[in-house]
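# Descriptive structure summary
Residues per chain, in single letters:
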Amino acid sequence: MAEVKVFGFWASPYSRRVEMALKLKGVEYEYIEEDLGNSNKSPQLLQYNPVHKKVPVLLHNGKPIAESLVILEYIDETWKDGPSILPKNPYDRAMARFWAKFIDEKCVPAMWKACSSAGEEQEKAKEEAQELLKFLENELKGKKFFGGVDSIGLVDIAANSVGYWYVIIAELVGLKLVTNDNFPNLCSWMDEYVNSSSVKEHLPDREKLTEYFRAHLT
Ligand SMILES: N[C@@H](CCC(=O)N[C@@H](CS)C(=O)NCC(=O)O)C(=O)O
């Protein structure tokens, strides 16, 4: 049987992405929790991801793969059974990659800035984040998931922090970032996404995550 291991961190939306994808494909794996504190990373993590020294790392039959979006594509190409994570059509595949990259490079940093700043700086950061999120709102027009009518795909999995982590963080800091009034499509996507079966069991406990960010934001 294939050896599949995930090096992750419970509060990391990136390592949760990998677990969600494996779950979606029905792949069994061993999970190894990393201590990301100063100098506490395991020798294996440093060996398998010497460039970034970050989780997640997927180890498949002894071969390491790092970077969650790269891992998601690897999972899709390696385990053909089960639902596809990327669309089949080349244009749709390119678009899925485009939006996943947009989430990581634009939306996530902007949402973090909005949640971790204060005063006037926060107001400005909130507006900037909302401008970016409008593109995602638009992408969801007439769709239940970014992947389509019924299927969770690359962009949904990539957007897990938008749909869960940042809801919790924004609530913790009292920021009204994504509401039903300004982002109705995004809000109903969040609801569908966090309640879908392959996702639900791989979301960290809400209370525990709130405590984690309370400690790390202050
Ligand atoms: N771009 C990476 C981001 C991974 C990442 O930021 N992982 C964090 C945990 S959320 C980490 O390992 N941090 C440890 C460190 O920065 O030393 C991915 O998509 O996998």
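Cut-offs applied
- Residues numbered from 1 in each chain as written.
- Predicted model: local features only at pLDDT ≥ 70, side-chain atom pairs only at ≥ 80, totals over all residues.
- Heavy atoms only, no water.
- Domains from an automatic or database assignment.
- Buried area = accessible area lost by both parts, 1.4 Å probe.
- Salt bridge = Lys/Arg side-chain N within 4 Å of Asp/Glu carboxyl O.
- Polar contact = N/O pair within 3.5 Å; in protein donor to acceptor, adjacent residues only side chain to side chain.
- Helix = DSSP H or I, 4+ residues; strand = E, 2+ residues; numbered from the N terminus.
- Buried < 20%, exposed > 50% of the residue type's maximum accessible area, 1.4 Å probe, protein only.
- Lys, Arg positive; Asp, Glu negative; His and termini not counted.
- Near = heavy atom within 4 Å.
- Areas by Shrake-Rupley, 256 points an atom, 1.4 Å probe, with all protein chains shown as cover.
- Phe/Tyr/Trp six-rings, centres within 6.5 Å; stacked < 30°, edge-to-face > 60°.
- Pairing = 2+ DSSP bridges.
- Right-handed = clockwise from strand over helix to strand, strands pointing away.
- Axes fitted to C-alpha atoms, helices over the stretch in contact; angles between N-to-C directions.
- Parallel < 35°, antiparallel > 145°, perpendicular 65-115°, else oblique.
- Left-handed = near helix turned anticlockwise from the far one by under 90°.
- Contact = heavy atoms within 4.5 Å.
- Nonpolar A, V, L, I, M, F, W, Y, C, P; charged D, E, K, R; others polar.
- Expected span 1.5 Å × (residues − 1).
- Arc of directions from axis to C-beta.

## Quick look at the domain arrangement of the chain
Each assigned domain of the chain is listed with its residue range as follows: domain 1 (4-78) and domain 2 (90-217). A separation of 21 Å is found between the C-alpha centroids of domain 1 and domain 2. When the two sides are added together, the surface that domain 1 and domain 2 hide from each other amounts to roughly 1900 Å², 65% of it contributed by carbon and sulfur. Looking only at domain 1, the three residues that lose the most surface to domain 2 are Trp-10, Arg-17 and Met-20, adding up to 33% of its buried area. Our enumeration of links across domain 1 and domain 2 arrives at three salt bridges. In this structure, Arg-17 engages Asp-104 in a salt bridge whose closest nitrogen and oxygen atoms are separated by 2.6 Å. Taken together, the connections running from domain 1 to domain 2 amount to seven residue pairs in polar contact (both at pLDDT 80 or more).

## Things to note about the side chain of Arg-93
For Arg-93, the position within the fold is in helix α4 (residues 90-116). As a buried residue without a salt bridge, Arg-93 has its nearest oppositely charged side chain in Glu-77, at a separation of 4.0 Å.

## A closer look at the site of the ligand
Taken together, Ser-12, Tyr-14, Leu-36, Lys-41, Lys-54, Val-55, Pro-56, Glu-67 and Ser-68 are the residues near the ligand. The separation between a nitrogen atom of the ligand and a polar main-chain atom of Val-55 is 2.9 Å. At 2.6 Å, a side-chain N or O of Ser-68 approaches an oxygen atom of the ligand. Here the ligand, which alone exposes 520 Å², has 72% of that area covered by the protein.

## Observations concerning the packing of aromatic side chains
Tallying each qualifying case throughout the model produces twelve aromatic pairs. Taken together, a centroid distance of 5.9 Å and an interplanar angle of 85° make the contact between Phe-102 and Phe-135 edge-to-face. With Phe-102 in helix α4 and Phe-135 in helix α5 (residues 119-139), the pair connects residues that are 33 residues apart, well separated along the chain. Taken together, the ring pairs connect Phe-9, Trp-10, Tyr-212 and Phe-213 into an aromatic cluster.

## Overview of the pairing of strand β2 (residues 30-33)
Of the pairings in the sheet, the one linking strand β1 (residues 4-8) to β2 comprises four bridges and is parallel in character. If you follow Phe-7 over to β2, its bridge partner there is Ile-32. Read as a crossover between parallel neighbours, the route from β1 over helix α1 (residues 13-25) to β2 is right-handed.

## Observations concerning the packing of helix α7 (residues 160-173) against helix α10 (residues 206-217)
Put simply, α7 and α10 touch, their axes get as near as 10 Å, and they point 60° apart. One element, α7, and the other, α10, form an angle in the oblique class. In terms of crossing hand, the pair formed by α7 and α10 is right-handed. Across the interface between the two elements, Tyr-164, Trp-165, Val-167, Ile-168, Ile-169, Glu-171, Leu-172 and Val-173 of α7 pack against Arg-206, Leu-209, Thr-210, Phe-213, Arg-214 and Leu-217 of α10. Residue composition of the contact of α7 with α10, by class: ten nonpolar, one polar and three charged.

## Structural notes on α10
The end-to-end C-alpha separation of α10 is 16 Å, in line with the 16 Å expected for twelve residues at 1.5 Å each. Among the residues of α10, Leu-209, Thr-210 and Phe-213 are the ones counted as buried. Along the long axis of α10, the arc covered by the buried residues comes to 105°, so they all point the same way. When the buried face of α10 is taken as reference, the exposed residues oriented beyond 90 degrees from it are Glu-207 and Ala-215. Residues of α10 that are buried in the fold lie against α4 and α7. One side-chain oxygen of the residue at the start of α10 lies 3.2 Å from the amide nitrogen of Glu-207, identifying that residue as Asp-205.

## Comments concerning the side chain of His-202
If you trace the backbone, His-202 turns up in the loop between α9 (197-200) and α10. Judged by relative accessible area, which is 9%, His-202 ranks as buried. Contacts of His-202, omitting those with residues within four sequence positions, involve Arg-16, Glu-19, Met-20, Lys-23 and Tyr-29.

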